[in-house]
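Here are the chains, one letter per residue:
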Amino acid sequence: MAHGRHLDLGGKAVVVGILNVTPDSFSDGGLFDAPEKALAQARRMMGEGALVVDVGGESTRPGAAAISASDEQARILPVIEALASAGGVLISVDTYRADTARLAVAAGAHIVNDVWGLQREPDIARVAADTGAGLVIMHTGRDREKLPDVIADQLAFLRKSLEIARRYGIADDHIVLDPGFGFAKETAEENLDLMARFSELSALGLPLMAGTSRKRFIGTVTGRDAAGRGVGTAATSVILRLKGADLFRVHDVAFNVDALALADAMLARQTDRARN
């Protein structure tokens with residue numbers, strides 16, 4: 001990653017805490033839009049076991065109003081600078097804008113997390129290549145015609161994104177893929193199908209991040225509103241860990257750290273039994 005940092009994946013699940021410094025995100029908009037509130041939330045998540053804090057300045061919920069790059073940067077850069085000064089935590093910036101990504105890495109971010117999979121502003125791949133930042137490439141179905149099969153569409157989109165990354169010389173060990181739960185997966189059934197077939201994404205040969213946190217399909221299944229979906233999210237994290245996910249981007253860190261510790265313990269026990 002950028003600034004000489006690295007992250008070992010595989011042995012234990014990695015929890016990524018979501019830090020939205022926005023007024024309008026779907027479940028926590030306005031809660032952490034002041035820098036002091038954002039820093040307090042980041043410290044809380046770190047204390048609960050998050051190894052990465054993902055800072056976003058523009059809501060990606062369906063129907064959210066777009067903001068300017070300057071507004072996005074004004075929201076996130078002071079928070080990233082303060083987190084970097086405090087040290088310890090790995091910092092991810094949630095943006096699709098190349099200029100914002102470059103400024104965020106200069107401010108101390110280690111990872112660029114692009115919800116448009118390099119396909120909205122491909123020059124964001126140049127930022128990752130130039131800075132050595134880790135890169136999360138997310139699948140989205142927005143603003144395009146999707147293939148009818150959920151995994152076929154994942155593979156087609158993500159392979160196109162990987163062609164962009166490799167064109168800029170980004171090595172595979174800098175890349176994590178995210179199937180983008182909820183991003184133009186409109187029904188609970190589509191998201192559940194993606195969960196059920198998640199292990200098929202291992203065909204791409206890269207680490208996988210799950211971002212199910214508080215998503216609408218969890219509410220459809222449980223009947224809970226967004227703020228009450230922490231336990232449901234933890235259940236999806238366990239399912240996806242058993243199907244091969246490495247990183248988990250969540251709002252409710254403590255629930256997921258505990259749930260994933262059980263999943264990891266079971267996986268470790270299975271490995272021990274197989275060896276013996």
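Reading the values: the criteria
- Residues numbered from 1 in each chain as written.
- Predicted model: local features only at pLDDT ≥ 70, side-chain atom pairs only at ≥ 80, totals over all residues.
- Heavy atoms only, no water.
- UniProt positions renumbered as here; feature names shortened; annotations may be inferred.
- Core = buried A, V, L, I, M, F, W, Y, C linked by side-chain atoms within 4.5 Å.
- Buried < 20%, exposed > 50% of the residue type's maximum accessible area, 1.4 Å probe, protein only.
- Helix = DSSP H or I, 4+ residues; strand = E, 2+ residues; numbered from the N terminus.
- Contact = heavy atoms within 4.5 Å.
- Pairing = 2+ DSSP bridges.
- Right-handed = clockwise from strand over helix to strand, strands pointing away.
- 1 Å grid on protein atoms, 1.4 Å probe; cavity = no way out; pocket = protein on both sides within 12 Å on 5 of 7 lines; lining within 4 Å.
- Points joined across faces, edges and corners; volume = space filled by probe spheres on them.
- Nonpolar A, V, L, I, M, F, W, Y, C, P; charged D, E, K, R; others polar.

An unreviewed UniProt entry lists the chain under the name Dihydropteroate synthase, with Mesorhizobium sangaii as the source organism. According to UniProt, the comment filed for the chain under the heading Function (unreviewed entry) is "Catalyzes the condensation of para-aminobenzoate (pABA) with 6-hydroxymethyl-7,8-dihydropterin diphosphate (DHPt-PP) to form 7,8-dihydropteroate (H2Pte), the immediate precursor of folate derivatives." Under the UniProt heading Cofactor (unreviewed entry), the note attached to the chain is "Mg(2+)".

So, about the nonpolar core. Ranked by internal contacts, the top residues of the largest apolar core, which has 64 residues, are Leu 19, Val 55, Ile 80, Leu 83, Ile 137 and Leu 177. If you tally residues by element for this core, the top one is helix α5 (residues 150–167), at eight residues. Among residues more than four places away in sequence, those in contact with Ile 80 are Val 55, Ile 91, Val 93, Ala 104, Ala 107, Gly 108 and Ala 109. Formed by nine residues, the second largest nonpolar core is a distinct cluster that contains Val 16, Ile 111, Val 136 and Met 209.

Another aspect to go through is the pairing of strand β5 (residues 134–138). Taken residue by residue, a regular strand's side chains alternate between the two faces of the sheet. For β5, a buried count of five out of five residues is recorded, marking the element as mostly surrounded by other parts of the structure. The side-chain alternation of β5 yields two buried faces, one formed by Gly 134, Val 136 and Met 138 and the other by Leu 135 and Ile 137. Across four bridges, the pairing between strand β4 (residues 111–114) and β5 is parallel. Looking at β5, one finds that Ile 111 is bridged to Gly 134. Tracing the backbone out of β4, into helix α4 (residues 123–131) and back to the parallel element β5 gives a crossover that is right-handed.

This part is about the layout of surface pockets. To find leftover empty space, a probe the size of one water molecule is rolled over the atoms. In this model, the second largest pocket occupies a volume close to 340 Å³. In terms of lining residues, the second largest pocket is bounded by 22 residues, among which Met 1, Leu 7, Asp 173, His 174 and Val 176 are the most central. In terms of residues, the lining of the second largest pocket owes the most to one element, β5, which gives three residues. Considering only residue class, the lining of the second largest pocket consists of 13 nonpolar, five polar and four charged.

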